[in-house]
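Now for the letters of each chain:
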Amino acid sequence: MRAVHRIPQPPHPTESRAVTEQNLPAPEIAEDLPEQMRVRRAKRDRLLAEGAEPYPVGFPRTATLAEIRTKYAELPTDTASGDRVGVTGRVIFIRNSGKLCFATLRDGDGAELQAMLSRDKVGAERLESWKRLVDLGDLVGVVGEVITSRRGELSVLADEWSMTAKALRPLPVAHKPLSEETRVRQRYVDLIVRPQAREVVRTRATVVRSLRESLFRRNFLEVETPMLQLLHGGASARPFVTHSNALDIDLYLRIAPELFLKRAMVGGIERVFEINRNFRNEGMDSTHSPEFAMLEAYQAYADYRVLQNEVRQWIQEAAEAVSGSHVVTHQDGTEVDLGGQWRTVTLFGALSEALGEEVTVRTDMSRLLQYAEKHDLSVDPKWSPGKLAEELFEHLVVPGLQEPTFVCDYPEATTPLTRPHREISGLTEKWDLYVRGFELATAYSELVDPVVQRERLVAQSLLAAGGDAEAMVLDEDFLRAMEYGMPPAGGMGMGIDRLLMALTGLGIRETILFPLVRPE
RNA sequence: GGGCUGCUAGCUCAAUGGCAGAGCUGUGGACUUUUAAUCCAUAGGUUCCGGGUUCGAGUCCCGGGCGGCCCA
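This structure is a prediction, so every number in the text was calculated from the model and none was measured.

Peer 1: Explain the sheet that holds strand β17 (residues 438–445) here, please?
Peer 2: Picture the strands of a sheet paired through backbone hydrogen bonds; they go either parallel or antiparallel. Taken together, the eight strands give an open sheet; going across it, the order is β6-β10-β11-β18-β17-β16-β15-β14, and neighbouring strands pair in mixed fashion. Of all strands in the sheet, those bounded by a partner on one side alone are β6 (221–222) and β14 (343–346). The pairing of β14 with strand β15 (residues 405–411) spans four bridges and is parallel. In the sheet register, R343 faces β15, and the bridge partner there is T405. The strands touched by helix α8 (residues 258–266) are β10 (271–279), β11 (291–300), β17 and β18 (489–495); relative to β11, the strand with the most contacts, the crossing angle is about 25 degrees. Docked against the sheet, helix α15 (residues 496–504) engages β10, β11, β16 (427–435), β17 and β18, running at close to 130 degrees with respect to β17.

Rendered as structure tokens:
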């Protein structure tokens, strides 16, 4: 469906009048607006008074700025191409002089192109109108010939111009960085003035698409499972609670899709994944957002070792999609090589190395407590030895895990939904992948024995009943599904925001387009 | 949750307890090859909010709001 456009012929005002506040119609808007906003509203009124639309229905664009840049890349200095085009863009710089005006336009790709308006071409009145009514930040359309200026700048020399959307608010200074708070609260402004902000949006889209393609190539099916859940489960985290008026019951925003993806596995979807949002009602900091995107995938007849290889490849393929190789460049300029095989350690092996003494899943609580004291780790008396070992690991080892590292074999006590280790009792078949000191992904050999599963979930639900807000409640329907038989499987989860952090070196609020912020 | 710290013009930032300022932006003017154009002139303020101390508070004190950094 494509509208047929004529080149618009903006009406010529019968007289050329200076636009000042004195002779403008009184703005109907509140008088207490800052001067610059009053002026822009007045210019909008003035456009209407001249019979021009400040917000027309469209503009006959014949080429994007990027297309023109490509097509006329070789046009020599001070040359007219003879080709007439219609272009649009936001005015990001403006240089007006008496009879010749320059403006730099930028359009959706981030490509920039100069527009030139000379009195000879557009006429005195249209030039005057341009100078009086066009501000930095306005969206304009220009019809004219593609030329190069005497300085060699590729330009469109206008026969005509028109407003395509008048900006009523002034743009921030383009050459000074916006405060971090404004960047997050008014991302639309950040996107206008900071090319890097636009780049992140594209990078994120590239990464998500790459992940989907990686999984499609391996015959995974993408599904969407409930975000509104009757019961809270699938991970350890505090949920958001909401309410259904129709059912008159409280519902939970999901903290993980796991229990539904496993139901799908029971039903015969042997390779299944979902990329979508999870919600956790917990703290917000530089690596945690209350809503975050996650990839979760399950593969029948695979285990955590198979997934180790798979996940590494998916991430490497994403790196390649972003940067063309396994070496990604962070926004501070450092290069990070995600290629090759990645280091694999065991949790207790890495912990032993950090402590300088052999520690295993059998090491008793009193010795672990000594280590905790020695390293100033405050201990919660409710912790099991396994939990304490994991806390020691996070405290002593994780900050040093800058290169991608798989950490394998976690204590059973901390991983209730994971299959027991096939060789070492007390451990489970789980790995966490760390990069730059944070957890990027995790995977398990899934626990599929419905009897053991029930024992573990009952224990969890007792914790929940005892007041542990992070513990899961008993999901009888999930257990019923498991009793029909789920194939042996490996399962994994990876934070999309964190993958972006790993690939770009950004903080989580920079990787999320519109992160949650406290109300102003 | 604790410690430190910031909030001033549209934006980025100055201002010993003593007239609230600069650059960019805006406005008026000059300029037909500019590139963050240049030149002349000029406007613009609830100093986050509420109390207090003081002859006098952007500045000091107390409380609150919204950020940032570090720690838990």
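Peer 1: Explain the protein's contact with RNA strand B here, please?
Peer 2: Around RNA strand B, a shell composed of 40 residues is seen, among which Q36, K43, D120, R151 and R518 lie nearest. Of all RNA strand B atoms lying within 4 Å of any protein atom, the proportion belonging to sugar or phosphate reaches 55%. Contacts to RNA strand B include R95, whose side-chain N or O atom sits 2.5 Å from a base oxygen. Measuring from a sugar or linking oxygen of RNA strand B, one finds a side-chain N or O atom of H175 at 2.9 Å. Here the surface near RNA strand B is composed, by residue class, of 14 nonpolar, ten polar and 16 charged.

Peer 1: Hey, could you run me through the packing of aromatic side chains in this one?
Peer 2: In this description, a pair of aromatic rings is defined by centroid distance and the angle of the planes. Per the stated rule, a full pass over the model turns up six aromatic pairs. Ring plane angle 70 degrees and centroid distance 6.0 Å describe the contact between F393 and Y434, whose orientation is recorded as edge-to-face. Taken as a pair, F393 in helix α12 (residues 385–396) and Y434 in strand β16 lie far apart in primary sequence, 41 residues in all. Residue F393 is classed as buried on the basis of its relative accessible area, which comes to 0%.

Peer 1: Before we go on, may I ask you to explain the nonpolar core in this structure?
Peer 2: The tendency in soluble globular proteins is for nonpolar side chains to be buried as a group. Residues L295 and W431 are the most contacted members of the largest nonpolar core, which totals 40 residues. Here this core gets seven residues from one element, more than from any other, and that element is helix α9 (residues 304–323). In this structure, A63, Y72, C101 and A158 belong to the second largest nonpolar core, which totals 29 residues.

The rules behind these values
- Residues numbered from 1 in each chain as written.
- Chains lettered and ligands numbered in written order.
- Predicted model: local features only at pLDDT ≥ 70, side-chain atom pairs only at ≥ 80, totals over all residues.
- Heavy atoms only, no water.
- Pairing = 2+ DSSP bridges.
- Helix = DSSP H or I, 4+ residues; strand = E, 2+ residues; numbered from the N terminus.
- Contact = heavy atoms within 4.5 Å.
- Axes fitted to C-alpha atoms, helices over the stretch in contact; angles between N-to-C directions.
- Near = heavy atom within 4 Å.
- Polar contact = N/O pair within 3.5 Å; in protein donor to acceptor, adjacent residues only side chain to side chain.
- Nonpolar A, V, L, I, M, F, W, Y, C, P; charged D, E, K, R; others polar.
- Phe/Tyr/Trp six-rings, centres within 6.5 Å; stacked < 30°, edge-to-face > 60°.
- Buried < 20%, exposed > 50% of the residue type's maximum accessible area, 1.4 Å probe, protein only.
- Core = buried A, V, L, I, M, F, W, Y, C linked by side-chain atoms within 4.5 Å.

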